Amino acid sequence: MRSFKLITALLFAFTCKETTANKGKIDKIAAILKDTVKTDLTTLLNQHDLSLEQTIDGFMKTIDYVDKNIAELKTHLETRIEEYNENTMTNLQEFEKNTGEMMSTMNETIMTNLNNINTLSMEERNKIISWAHQRAHLHEDILKSRISACAYDYGHLGKGVVRYNSANGGYIKESGSFRVYNNTNIKEEDVLDRDTGIFKVPINASGEYIFTFSVTIDSFDQKLMPSSYWFAKAGKKIEGTEIFANVGSSKIHDKVPGSRQVFLKLEENDEISVIQELKTDIQDFHVSFCGALLHLEKASESPGGSFADAKDAEFPAGTLAEQDTTWKYEFAAGFKDSEPKDKPEKAKDNKPEVTDIFVKIDDGDWKTANAAWP
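What counts as what
Residues numbered from 1 in each chain as written. Predicted model: local features only at pLDDT ≥ 70, side-chain atom pairs only at ≥ 80, totals over all residues. Heavy atoms only, no water. Core = buried A, V, L, I, M, F, W, Y, C linked by side-chain atoms within 4.5 Å. Buried < 20%, exposed > 50% of the residue type's maximum accessible area, 1.4 Å probe, protein only. Helix = DSSP H or I, 4+ residues; strand = E, 2+ residues; numbered from the N terminus. Contact = heavy atoms within 4.5 Å. Disulfide = S-S within 2.5 Å. pLDDT = per-residue confidence, 0-100. Salt bridge = Lys/Arg side-chain N within 4 Å of Asp/Glu carboxyl O.

Considering the nonpolar core
Next, step 1: Core analysis: the largest hydrophobic core is formed by 36 residues, its most contacted members being I147, F199, Y209, F211, F213, F231 and F289.
Next, step 2: Contributing elements (two or more residues each) for this core: β1 (146-156), β7 (207-218), β8 (228-233), β11 (255-266), β12 (271-276) and β13 (284-296).
Next, step 3: The contact partners of Y209, leaving out residues within four places of it in the chain, are I147, F199, V201, P202, V262, F263, L264, L266, A292, L293 and L294.

The structure is reproduced here in structure tokens:
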């Protein structure tokens, strides 16, 4: 504002017509410019120089402040990173150690469980093998079981059971075979007794049997009746099994061969024989009797016996081995937090004070403001 007034006065002075009065005013203004404005300009120059120095000083302090803060930040970051790194390395070491211990414990637990499984599996496997072996033996014993016996005699005379015990009779050696399961201590005469003519089913030999009887009947010379032969069970004839003949043209041509074969389902100790039920006076010839086991009843009922019964208390069954299930992963107690608990103090505020780099000049400081302007 002051400069505006000064410039206005100068312009006014220079534009006025040259008169004696104006010349005096111009001289007076020139004197004021020389004495006061020069001083004010010098003051402004000094103030400008001072402001420049203050600005440079302010910039230098600011640069120094920034440098110090950068250095402090660097130190702080390095310290914090070091602390993080130290905690992380410590945790990694603890993790490695703890994991090693946990893996070792887990391995011991697994090996214990596997040993338990292996031991129990071996016991159960051996039991299954033993059980299967015994069952297989029963099947083998059934397959090996055999009974066959044949007896013959020169002839038979009269009424009653046909026997094969004369001096001309005997067993057909090639037919004798006796075994029930694993029992081979069975005598031929215990099955087919020549003296009684009875075939007796051995113990444990119930089943299906085949019997064959053959005879040559002398039918013409009979003064009474020709012979009539029947298979009998426990002394009682079995219907439908008769052998009978009454043909012939002479004493020479009166021999009739007869034969009968039957299949019977029998129980142990059942007795089978052949009886001649008519009273005769002429002997028949060439009698023979055979009996043989076809199929053991046990083979159809329960070939495996108790070893095939899944409800049997001793029947092999899989069981669960004792297992240790207490293992679990536990975190190491020495783990540290990734962030250090001790936080550093906040950096002090070293920001430089910012002062007014411009010297304040009041109106009273201007000499030209107080000059006696014309």
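Examining the state of the cysteines
Next, step 1: Under the defined criterion, the tally for this structure stands at one disulfide.
Next, step 2: C150 shares a disulfide with C290; S-S distance 2.0 Å. Taking the sign of the S-S torsion, about 125° here, the bridge from C150 to C290 comes out right-handed. Of this pair, C150 sits in strand β1 while C290 sits in strand β13; the two residues are 140 residues apart in sequence, bridging distant segments of the chain.

As for the confidence of the model for the protein chain
Next, step 1: Per-residue confidence for the protein chain gives a mean pLDDT of 81, with 79% of residues at or over 70.
Next, step 2: Predicted confidence in the protein chain is weakest over helix α1 (residues 2-15), with a mean pLDDT of 57, and strongest over strand β6 (residues 198-200), with 97.

Let's talk about unusual backbone geometry
If a residue is not glycine, its phi is most likely negative; likewise, a peptide bond is most likely trans.
Next, step 1: The phi dihedral of N269 falls on the positive side, at around 75°, and the residue is not glycine.
Next, step 2: Its location among the elements puts N269 in the loop between β11 and β12.
Next, step 3: Its identity is not glycine, yet H286 carries a phi of approximately 55°, on the positive side.

Describing the pattern of salt bridges
Next, step 1: By the definition in use, this model includes eight salt bridges.
Next, step 2: One salt bridge connects D64 with K68, and the closest N-O pair in it is separated by 3.2 Å. Taken together, the residues span about one helical turn, with D64 and K68 both in helix α2 (residues 20-144) at a distance of four residues.
Next, step 3: For D64, a relative accessible area of 36% puts it in the partly exposed group.
Next, step 4: What makes K68 partly exposed here is its relative accessible area of 47%.
Next, step 5: The residue K233 makes a salt bridge to D270 at a minimum N-O spacing of 3.7 Å. Here K233 is found in strand β8, whereas its partner D270 is found in the loop between β11 and β12, with 37 residues between them in sequence.
Next, step 6: Under the relative-accessibility criterion, D270 is labelled buried at 18%.
Next, step 7: A single salt-bridge network, built from bridges that share partners, covers K265, E267 and E297.

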